[in-house]
Amino acid sequence: MATAGIVGTVALLVLVMLSMSHVTSSLRSGLGVCRASGYLPGKAGHCEKSNDPDCCEDGKSTKAVLTLNSFEKGKDGGGPSECDNSYHSDKEMVVALSTGWFKNMARCGHRIKITANGNSVYAKVVDECDSVYGCDDDHNYEPPCANNIVDASPAVWNALGLDQNVGMEDITWSEE
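Residues numbered from 1 in each chain as written. Predicted model: local features only at pLDDT ≥ 70, side-chain atom pairs only at ≥ 80, totals over all residues. Heavy atoms only, no water.

**Examining the overall build of the protein chain**
When its secondary structure is counted, the protein chain shows 3 helices and 6 strands. Relative to its full complement of 176 residues, the protein chain shows a buried share of 30%. A sequence separation of at least 24 residues applies to 68% of the contacts in the protein chain between residues at least 6 apart. Accessible surface, the protein chain: about 10,900 Å² in total, of which carbon and sulfur atoms supply 54%. (Helix = DSSP H or I, 4+ residues; strand = E, 2+ residues; numbered from the N terminus. Buried < 20%, exposed > 50% of the residue type's maximum accessible area, 1.4 Å probe, protein only. Contact = heavy atoms within 4.5 Å. Areas by Shrake-Rupley, 256 points an atom, 1.4 Å probe, with all protein chains shown as cover.)

Structure (structure tokens):
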């Protein structure tokens, strides 16, 4: 009888340990969401035109995803803008471009034309939406951007007549 009690206690202990390990692993998976790869995929000097043949030609529209971002101090954009080391009002028509499009600051200060649902606006490039690094204080602890992002201020969203609650919209953009 004592052996049955010991076996029951051991079985109960094993069940408790298994359930605790399940809870711990469930919590851990939430912590692992933000992973900066430190690597930007692609081949230098080669434009992949199979999905959008015009994407690599200057002056042509490029398909992208518009995301919503505040460039004001203390808001979701993180630190000051890369181009001018300044914060920008949510009323300014400003954007951040994914790392590849940002071209190592070559597009700083340039105006781009953004088109969504038949409406177009112009916005100034002031920052990079980092496609390589993230998950740290400089990036507001957010994961790296996808490679096709135009991260825009609320003013851009308002000018395009888009619902900010959606937070992501398919667009095209071109450099003007």
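The structure having been displayed, the exposition proceeds.
**Structural notes on unusual backbone geometry**
We note that Lys 103 has phi near 55°; this positive angle belongs to a residue other than glycine. Note that Lys 103 resides in the loop between α2 (99–102) and β3 (111–116). A positive phi is found at Asn 104, a non-glycine position, where the angle reads about 50°. Tracing the backbone shows Asn 104 in the loop between α2 and β3. In this structure Asn 104 comes out as exposed when scored by relative accessible area, which is 73%.

**Here's the deal with the pattern of salt bridges**
In total, this model carries 3 salt bridges according to the counting rule given. Arg 107 is the partner of Glu 175 in a salt bridge, and the nearest nitrogen-oxygen pair spans 2.6 Å. Of this pair, Glu 175 sits in strand β6 (residues 168–175) while Arg 107 sits in the loop between α2 and β3, and the two are 68 residues apart along the sequence. Exposure remark for Glu 175: the relative accessible area of 26% places this residue in the partly exposed category. Among the ionic contacts, a cluster of salt bridges with common partners joins Glu 72, Lys 75 and Asp 90. (Salt bridge = Lys/Arg side-chain N within 4 Å of Asp/Glu carboxyl O.)

**A word on the state of the cysteines**
Under the counting rule described, the total for this entry stands at 2 disulfides. Disulfide partner of Cys 83: Cys 108, at an S-S distance of 2.1 Å. Of note, the bridge from Cys 83 to Cys 108 carries an S-S torsion of about -80° and is left-handed in sense. A residue pair is termed long-range when its members are at least 10 positions apart, and Cys 83 in the loop between β1 (62–68) and β2 (94–98) and Cys 108 in the loop between α2 and β3 qualify at 25 residues. Using a relative accessible area of 23% as the deciding quantity, one classes Cys 83 as partly exposed. In this model, Cys 129 is linked to Cys 145 through a disulfide, with the two sulfur atoms separated by 1.7 Å. One disulfide, between Cys 129 and Cys 145, carries an S-S torsion of -45° and so falls in the left-handed class. Of this pair, Cys 129 sits in strand β4 (residues 119–129) while Cys 145 sits in the loop between β4 and β5 (149–152), and the two are 16 residues apart along the sequence. Accessibility assignment for this pair places Cys 129 and Cys 145 in one class, buried. (Disulfide = S-S within 2.5 Å.)

**Focus on the sheet that holds β1**
Taken in spatial order, the 6 strands of this closed barrel run β1-β5-β2-β4-β3-β6, and their pairing is mixed. Each strand axis lies, on average, 45° off the axis of its neighbour in the sheet, ignoring direction. Here 4 bridges tie β1 to β5, and the two strands are oriented parallel to one another. Counted as the bridge partner of Leu 68 is Ala 152 from β5. (Pairing = 2+ DSSP bridges. Axes fitted to C-alpha atoms, helices over the stretch in contact; angles between N-to-C directions.)

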